[in-house]
Amino acid sequence: MATLLSPAPSPRASTRARRLDLAQLGPNWYAAVMGTAIVANGAAALPVRWPGLTGFAELMWALALAGLLVLGAARAVHHTRHRAAARAHLLDDPATAVFYGCPPMALLSVGLGTLTVGSRVIGTGPAVAIDLALWTAGTLFALAVAAGIPYLMITRHAVSPLTANPTWLLPVVAPLVASATGPALVPHLPAGAARETLLYACAALFGIGVLATLALLPVVLTGLVHSKLPALALTPTLFLVLGPLGQSTTAVHQLADAAGPVFPGPAPALRTLAELFGVAVLGVAMLWLLLAVAANLRARRAGMGFAMTWWAFTFPVGTCVTGAAALARHTGFPGFTALAAGLFALLLAGWALAAGGTAAALAGGRLLAR
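Residues numbered from 1 in each chain as written. Predicted model: local features only at pLDDT ≥ 70, side-chain atom pairs only at ≥ 80, totals over all residues. Heavy atoms only, no water.

**Examining the overall build of the chain**
Link 1 in the chain: Across its full length, the chain holds 13 helices and 0 strands.
Link 2 in the chain: Going from N to C terminus, the chain has its helices and strands arranged as α-α-α-α-α-α-α-α-α-α-α-α-α.
Link 3 in the chain: Taken over the C-alpha trace, the chain has a radius of gyration of 20 Å; the compact-globule value for 370 residues is 21 Å, and the two agree within 12%.
Link 4 in the chain: Each principal axis of the C-alpha atoms in the chain carries an extent, and together these give about 65 × 45 × 45 Å.
Link 5 in the chain: Residues classed as buried in the chain amount to 52% of the 370 residues present. (Helix = DSSP H or I, 4+ residues; strand = E, 2+ residues; numbered from the N terminus. Rg over C-alpha atoms; globule rule 2.2 N^0.38 Å. Buried < 20%, exposed > 50% of the residue type's maximum accessible area, 1.4 Å probe, protein only.)

Structure (structure tokens):
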């Protein structure tokens, strides 16, 4: 967990020239791509249109896409030149292994942004092709992680449910992200079997993510109550609980929208179910949001400094933005519009804190330095 909880260097060390050490580049760095992409996707989903919002969304999508490409290249170097470190991150360090849920979510989020935001820049045809490629790769990756990381926990990793924390949710949230991003591709596929297959696949991914979360979330809560968080720098991970809540709300609405033209018969019932599910789950999410904010304010007063865990402020809140926006779109209730706008403002603040902290830590030699 060196890249998560890196201590500040000594004053003497900070004055020496430093080089990037890609051996430390763990999968948690994809959280920065996720957090940036969700800003673009959230801006596109907002039920209100502020001046400059479209251009801002395009800028954030471009940053996320660039970050994905740069990070992908750096991780390729990591796996090629630092195989022992890469192997240890996955097989021997359960605290780092759970962050393998981040790469597929980064692929899926950037893919959706390419279709919903980037299509205005690069054209619909290229955007659909890129999103289809990223969704396919991200979904396969998500399924491998959702099965593989629990398998390693059972057979290899030295873990205890009494020390569980919210990062354990990352591998099982990835299929939910796939279920929420896939329906946007449905109108761009040939009518008939292709659309039906994608919708059924997204519904299955929704079931995988929801049921796995229901199985794992009580374990996480038990670990938090029993053992607390072992370090102040892990306090932002409390926001990760919002991820499956907001993402499942988004997914069920996206599925209901996409199913309308393909399955007109059950479409009205699916939309009603989406609204009832969304209201209930988003209500729980807002309750947990208050808890997470209070805990992080307390940790900040206790001296919590920057760590890469601050990116937990972004993507989970962003899923609540898209979930609230979907409810506002379906119900027309002004309260959900206001909630989506307020959460988007919180998302922007979280992104600014995480991005600013990351830039300062890289420049100051506190991350990836040797």
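**Side note on a nonpolar patch on the surface**
Link 1 in the chain: Among the surface-exposed residues, Val121, Ile122 and Ile130 lie close enough to one another that they form a single nonpolar patch of about 220 Å² accessible area.
Link 2 in the chain: Position of isoleucine 130 relative to the elements: it lies in helix α7 (residues 124-155). (Patch = residues over 30% accessible without salt bridge, like charges linked within 9 Å, V, L, I, M, F, W, Y side chains within 5 Å. Areas by Shrake-Rupley, 256 points an atom, 1.4 Å probe, with all protein chains shown as cover. Salt bridge = Lys/Arg side-chain N within 4 Å of Asp/Glu carboxyl O.)

**Here we look at unusual backbone geometry**
Link 1 in the chain: The phi angle at lysine 228 is positive, at roughly 60 degrees, despite the residue not being glycine.
Link 2 in the chain: The topology assignment puts lysine 228 in the loop between α9 (193-227) and α10 (242-262).

**Regarding the pattern of salt bridges**
Link 1 in the chain: This structure, assessed with the given rule, holds 4 salt bridges.
Link 2 in the chain: For arginine 120, the salt bridge is made with glutamate 58, and the minimal N-O distance between the two is 3.3 Å. Remark: glutamate 58 occurs in helix α3 (residues 53-81) and arginine 120 occurs in helix α6 (residues 102-122); sequence separation between them is 62 residues.
Link 3 in the chain: On the basis of relative accessible area, arginine 120 is assigned to the partly exposed category, the value being 47%.
Link 4 in the chain: Here arginine 329 and aspartate 257 are joined by a salt bridge, their closest N and O atoms 2.7 Å apart. Taken together, the positions of arginine 329 in helix α12 (residues 315-331) and aspartate 257 in helix α10 put the pair 72 residues apart, joining distant regions of the chain.

**Some details on the nonpolar core**
Link 1 in the chain: Ranked by size, the top nonpolar core spans 116 residues in total, and within it Met105, Trp135, Ile149, Leu199, Leu242 and Phe344 carry the most contacts.
Link 2 in the chain: If near-sequence neighbours (up to four positions away) are discounted, isoleucine 149 is found in contact with Leu90, Ala97, Val98, Tyr100, Ala144 and Pro171. (Core = buried A, V, L, I, M, F, W, Y, C linked by side-chain atoms within 4.5 Å. Contact = heavy atoms within 4.5 Å.)

**Remarks on the packing of aromatic side chains**
Link 1 in the chain: Taken as a whole, this structure holds 7 aromatic pairs when the rule is applied.
Link 2 in the chain: Look at tyrosine 200 and phenylalanine 263: their rings are 5.4 Å apart centre to centre, the planes differ by 50 degrees, and that puts the pair in the tilted class. Highlighted residues: tyrosine 200 in helix α9 and phenylalanine 263 in the loop between α10 and α11 (267-301), separated in sequence by 63 residues.
Link 3 in the chain: Relative to phenylalanine 277, the ring of phenylalanine 206 lies with its centre 5.9 Å away and its plane at 65 degrees, an arrangement referred to as edge-to-face. Here phenylalanine 206 is found in helix α9, whereas its partner phenylalanine 277 is found in helix α11, with 71 residues between them in sequence.
Link 4 in the chain: Residue class for phenylalanine 206 comes out buried when judged on its relative accessible area of 17%.
Link 5 in the chain: Residue phenylalanine 277 is classed as partly exposed on the basis of its relative accessible area of 24%.
Link 6 in the chain: Aromatic rings pair up to connect Phe239, Phe306, Trp310 and Phe313 into one cluster. (Phe/Tyr/Trp six-rings, centres within 6.5 Å; stacked < 30°, edge-to-face > 60°.)

**Quick look at helix α13 (residues 334-363)**
Link 1 in the chain: Spanning 30 residues, α13 covers 43 Å between terminal C-alpha atoms, matching the ideal 44 Å at 1.5 Å per step.
Link 2 in the chain: Taken residue by residue, α13 has Phe336, Ala340, Ala341, Leu343, Phe344, Leu347, Gly350, Ala354, Ala355, Gly357, Thr358 and Ala361 as its buried positions.
Link 3 in the chain: For α13, the elements touching its buried residues are α2 (30-45), α3, α11 and α12.
Link 4 in the chain: Looking at the residues trailing α13, positive phi occurs at glycine 365, about 80 degrees. (Expected span 1.5 Å × (residues − 1).)

**With respect to the packing of α3 against helix α4 (residues 83-92)**
Link 1 in the chain: Closest axis-to-axis distance for the α3/α4 pair is 5 Å, and the angle between their directions is 100 degrees. By the angle class used here, α3 and α4 are roughly perpendicular. Side by side, α3 and α4 meet where His78, His79, Thr80 and Arg81 of the first sit next to Arg83, Ala85, Ala86 and His89 of the second. (Axes fitted to C-alpha atoms, helices over the stretch in contact; angles between N-to-C directions. Parallel < 35°, antiparallel > 145°, perpendicular 65-115°, else oblique.)

**Focus on the side chain of threonine 249**
Link 1 in the chain: Here threonine 249 shows up in helix α10.
Link 2 in the chain: Apart from the residues within four sequence positions on either side, threonine 249 is in contact with Phe277, Gly278, Val281, Leu282, Gly323 and Leu327.

**Considering the packing of α9 against α10**
Link 1 in the chain: Packing of α9 against α10 brings their axes to within 10 Å, and their N-to-C directions diverge by 160 degrees. With respect to α10, the axis of α9 lies roughly antiparallel. Between α9 and α10 lies a crossing whose hand is left-handed. On the side of α9, the interface is formed by Arg195, Glu196, Leu199, Cys202, Ala203, Phe206, Val210 and Thr213, while α10 contributes Pro244, Ser248, Ala251, Val252, Leu255, Ala258, Ala259 and Val262.
Link 2 in the chain: Residue composition of the contact of α9 with α10, grouped by class: 12 nonpolar, 2 polar and 2 charged. (Left-handed = near helix turned anticlockwise from the far one by under 90°. Nonpolar A, V, L, I, M, F, W, Y, C, P; charged D, E, K, R; others polar.)

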